[in-house]
Amino acid sequence: MSGVSGSASNRPLSPHLQVYKWGPHMLVSILHRATGDAMALVGVPLLVWWLYAISAGPESYDYFLSWFNFYYIGYIILVGMSFAFFEHMYSGLRHFVLDAGAGYELQTNKMWSVAVPLAAIITTGAMWLYIASKNIL
Amino acid sequence: MGSGTNIGRVRGLGSAQEGAHHWIVQRVTAVSNLLLVLWLVFSLVRLPQYEHGLMVEWLSSPLVAVPMMLMLVSIFWHLRLGLQVLIEDYVPDHGVKFGLFVFLNFFAIGGAALGIFSVAKIAFTGVVE
């Protein structure tokens, strides 16, 4: 049974990131995993803390807000998480198209790989512009 | 079926008889996440302010509490499946992998339970001030 656990094997490993030429397809794939993991490990625990703080009463909610307003750290995280959500959302929609077997032509695939992060940046910007305008007006 | 390389050892055994279910549930929860998280984003952005009293009043409505609970189930299920793939891809040691799967299940079920109970408490007890 030697070499059954992958780490003990002497077989050559498959090539990883460092040998590939960067392209938008690679970027959008990496971003899909990175944004999903960031939301799972940072965004969702914060969402649960927020709900718990509301349920536990005004003092608990004030404590949550004191961390949120600590050097704008809450806004920085929320901007990051909103970008992560829109990036993951558009990238996920791209995956649904690919799951259906469509969009693999080289030019089409490249175009949507470029469009996904651009759409995520534009949507994130539009959302925060709306929030800013709401507070000013 | 050979005995040398990893591919040789599994060739001819057929599929693992699992994986399709993971793949499908990942996509079903992706669709419910799409609907429910977009609902949360639009709802939060449109609220006039975020003081405690208004949050309690807002979350007390069944039309907010129910989608919020459904969203927590959908999100935690989806992230449970996604982080499983992350662990499978980057943790080669079987013992460590098994331990992380146990921890991941505790995190997903515990987090969802805390979130859902918090929403239920707000919805059932309402404004406490």
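The structure contained in this document is the topic of the report that follows. Given the structure is predicted, the values throughout are model-derived calculations rather than measurements.

Before going further, it helps to examine the overall build of chain B. Scanning chain B from N- to C-terminus turns up five helices and zero strands. The order of helices and strands in chain B, counted from the N terminus, is α-α-α-α-α. A separation threshold of at least 6 residues defines the contact pool for chain B, and within that pool the share at least 24 residues apart is 68%.

Moving on, we come to the overall build of chain A. Scanning chain A from terminus to terminus reveals four helices and zero strands. The order of α-helices and β-strands along chain A, N terminus first, is α-α-α-α. Relative to a compact globule of 137 residues, whose C-alpha radius of gyration would be 14 Å, chain A shows 20 Å and is clearly more extended. Each principal axis of the C-alpha atoms in chain A carries an extent, and together these give about 60 × 45 × 30 Å. Out of the 137 residues in chain A, the part that is buried amounts to 23%. In chain A, 71% of the contacts between residues at least 6 apart in sequence involve partners at least 24 apart.

Our focus in this paragraph is the interface of chain A and chain B. Bring the parts together and some accessible area is lost; that lost area is often taken as the interface size. Each side of the interface is counted separately: chain A has 24 residues, and chain B has 27 residues. Where the side of chain A that touches chain B is concerned, the elements lending two or more residues are α1 (24-56), α2 (58-68), α3 (73-99) and α4 (106-136) of chain A. By residue number, the principal contributor to the side of chain A that touches chain B is α1(A), which donates ten residues.

Turning to unusual backbone geometry, a few remarks are in order. All names here are of chain A. Phi angles above zero are rare outside glycine, and Y71 is one such case at about 50°. You can see Y71 is positioned in the loop between α2 and α3. Phi at Y72 is positive, roughly 60°, even though this residue is not glycine. Relative to the helices and strands, Y72 resides in the loop between α2 and α3. A count of 11 C-beta atoms within 10 Å places Y72 in the exposed class.

Residue and element names in this part refer to chain B. Here helix α2 (residues 20-46) spans 39 Å end to end across 27 residues, near enough to the 39 Å set by a 1.5 Å rise per residue. Within the span of α2, buried status applies to T29, N33 and L36. Buried positions along α2 lie against α4 (62-90).

Here the focus is the packing of helix α3 (residues 52-60) of chain B against helix α5 (residues 94-125) of chain B. Residue and element names in this part refer to chain B. Contact geometry for α3 and α5: axes closest at 8 Å, N-to-C directions at 95°. Classified by the interaxial angle, the pair formed by α3 and α5 is roughly perpendicular. Facing α3, whose interface residues are V56, L59 and S60, α5 presents V119, I122 and A123. A breakdown of the residues in the contact of α3 with α5 according to their chemical character gives five nonpolar, one polar and no charged.

With that out of the way, let us pick up the packing of α1(A) against α4(B). In a pair of packed helices, the angle between the axes and the distance between the axes together describe the arrangement. One can describe the packing of α1(A) onto α4(B) by two numbers: an axis separation of 10 Å at closest approach and a directional angle of 125°. Judged by the angle between their axes, α1(A) and α4(B) are oblique. Considering the relative orientation of α1(A) and α4(B), their crossing is left-handed. Packed against α1(A), whose contacting residues are A:G36, A:D37, A:A40 and A:V44, the element α4(B) presents B:I75, B:L79, B:G82, B:L83 and B:L86 at the interface. Residues belonging to the contact of α1(A) with α4(B) are distributed by class as follows: six nonpolar, two polar and one charged.

Turning to α4(B), a few remarks are in order. Over its 29 residues, α4(B) extends 42 Å from the first C-alpha to the last, a length consistent with the 42 Å expected when each residue adds 1.5 Å. Taken together, the buried positions of α4(B) are B:M68, B:M71, B:L72, B:S74, B:I75, B:F76, B:H78, B:L79, B:R80 and B:L83. Elements in contact with the buried residues of α4(B): α1 of chain A together with α2, α3 and α5 of chain B.

What follows concerns the nonpolar core. In terms of nonpolar packing, the biggest core is built from 38 residues, with A:V44, A:I54, B:L59, B:L72 and B:L79 touching the most fellow members. Only α1, α2, α3 and α4 of chain A together with α3, α4 and α5 of chain B provide two or more residues apiece to this core. Here the element with the most residues in this core is α1(A); it accounts for eleven residues. Residues in contact with B:L59, not counting those within four places in the same chain, are A:I54, B:V64, B:A65, B:M68, B:V119, B:I122 and B:A123.

Reading the values: the criteria
- Residues numbered from 1 in each chain as written.
- Chains lettered and ligands numbered in written order.
- Predicted model: local features only at pLDDT ≥ 70, side-chain atom pairs only at ≥ 80, totals over all residues.
- Helix = DSSP H or I, 4+ residues; strand = E, 2+ residues; numbered from the N terminus.
- Contact = placed C-beta atoms within 7 Å.
- Rg over C-alpha atoms; globule rule 2.2 N^0.38 Å.
- Buried ≥ 20, exposed ≤ 12 C-beta atoms within 10 Å, placed from the backbone.
- Expected span 1.5 Å × (residues − 1).
- Axes fitted to C-alpha atoms, helices over the stretch in contact; angles between N-to-C directions.
- Parallel < 35°, antiparallel > 145°, perpendicular 65-115°, else oblique.
- Nonpolar A, V, L, I, M, F, W, Y, C, P; charged D, E, K, R; others polar.
- Left-handed = near helix turned anticlockwise from the far one by under 90°.
- Core = buried A, V, L, I, M, F, W, Y, C linked by C-beta atoms within 7 Å.

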